[in-house]
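Descriptive analysis of the structure
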Amino acid sequence: MKVQGWMFILTGAFFAAADVVYWFWSKEVTGTTAMAISVGLAFMIGYYLLFTARRIGDQPEDDKEAEISDGAGELGFFSPHSWWPLFVCLSAALTFFGFVIGWWLFIIGVFAVIMSTIGFVFQYYRGHFSH
């Protein structure tokens, strides 16, 4: 994680230099602000990765002598048959559509997002697949 953290820090430094050049060249406020936000986000992600790497120790990607098999192992649990992501996306689309059409549809969409997110999070707590 240290390599990724330093890559983001260096990317943020590059964005900062490009932002200064952009400001002096164009004097345009919107683009300068957007690039400044990119600088902040790159530094924030880089700091998080370096902080996490210091907390959890060396990872296989930090070792120059590591092999690909050193990083093997369980990456996490991914649901092979869940329909809930589809419902979350559909309800988010309904919410954004309601933002365009009217507040009443937006409120219905927000309620649908909340309910489908709850279903997505708690899908393995009840029913046939509960543990």
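Before going into details, it helps to say that this report is about the structure given with it. (Residues numbered from 1 in each chain as written. Predicted model: local features only at pLDDT ≥ 70, side-chain atom pairs only at ≥ 80, totals over all residues. Heavy atoms only, no water.)

Within the protein chain one finds four helices and zero strands. Mapped from its N terminus to its C terminus, the protein chain presents α and β elements in the order α-α-α-α. In terms of overall dimensions, the protein chain is more spread out than a globule: its C-alpha atoms have a radius of gyration of 22 Å, far above the 14 Å expected for 131 residues. Reported as C-alpha extents along the three principal axes, the dimensions of the protein chain are approximately 50 × 50 × 20 Å. Burial analysis of the protein chain (131 residues in total) assigns 18% to the buried set. Considering only residue pairs separated by 6 or more positions, the protein chain has 62% of its internal contacts joining residues 24 or more positions apart. When the accessible surface of the protein chain is totalled, it reaches about 10,400 Å², and 73% of it is carbon and sulfur. Counting 6 positive and 10 negative side-chain charges, the protein chain places the averaged centre of each group 11 Å from the other. (Helix = DSSP H or I, 4+ residues; strand = E, 2+ residues; numbered from the N terminus. Rg over C-alpha atoms; globule rule 2.2 N^0.38 Å. Buried < 20%, exposed > 50% of the residue type's maximum accessible area, 1.4 Å probe, protein only. Contact = heavy atoms within 4.5 Å. Areas by Shrake-Rupley, 256 points an atom, 1.4 Å probe, with all protein chains shown as cover. Lys, Arg positive; Asp, Glu negative; His and termini not counted. Charge placed at Lys NZ, Arg CZ, Asp CG, Glu CD.)

The subject of this paragraph is the packing of helix H3 (residues 84-101) against helix H4 (residues 103-121). Two elements in contact, H3 and H4, have axes whose closest approach is 7 Å; the angle formed by their N-to-C orientations is 165°. Relative to H4, the element H3 lies roughly antiparallel. H3 and H4 meet at a crossing whose hand is left-handed. (Axes fitted to C-alpha atoms, helices over the stretch in contact; angles between N-to-C directions. Parallel < 35°, antiparallel > 145°, perpendicular 65-115°, else oblique. Left-handed = near helix turned anticlockwise from the far one by under 90°.)

It is worth spelling out helix H1 (residues 2-26) at this point. Residues that lie three or four places apart on an α-helix share one face, since the helix turns once every 3.6 residues. Between its first and last C-alpha atoms H1 spans 35 Å; for 25 residues at 1.5 Å apiece the expected length is 36 Å, and the two agree. Burial in H1 covers these residues: Gly5, Ile9, Gly12 and Asp19. In this structure, the buried side of H1 is in contact with helix H2 (29-56). Looking at the residues trailing H1, positive phi occurs at lysine 27, about 55°. (Expected span 1.5 Å × (residues − 1).)

Once that is clear, we can look at the packing of aromatic side chains. Using the criterion set out here, one finds five aromatic pairs in the structure. Here phenylalanine 14 and phenylalanine 15 contribute two aromatic rings whose centre-to-centre distance is 6.1 Å and whose plane-to-plane angle is 50°, an arrangement assigned as tilted. Owing to a relative accessible area of 29%, phenylalanine 15 belongs among the partly exposed residues under this scheme. With a centroid separation of 6.0 Å and 25° between ring planes, the pair formed by tyrosine 47 and phenylalanine 51 is classed as stacked. With a gap of four residues between them, tyrosine 47 and phenylalanine 51 both fall in helix H2, about one helical turn apart. Judged by its relative accessible area of 36%, phenylalanine 51 is partly exposed. (Phe/Tyr/Trp six-rings, centres within 6.5 Å; stacked < 30°, edge-to-face > 60°.)

Bringing a negative patch on the surface into the picture now. Among the surface-exposed residues, Asp63, Glu65, Glu67 and Asp70 lie close enough to one another that they form a single negatively charged patch. Relative to the helices and strands, glutamate 65 resides in the loop between H2 and H3. (Patch = residues over 30% accessible without salt bridge, like charges linked within 9 Å, V, L, I, M, F, W, Y side chains within 5 Å. Salt bridge = Lys/Arg side-chain N within 4 Å of Asp/Glu carboxyl O.)

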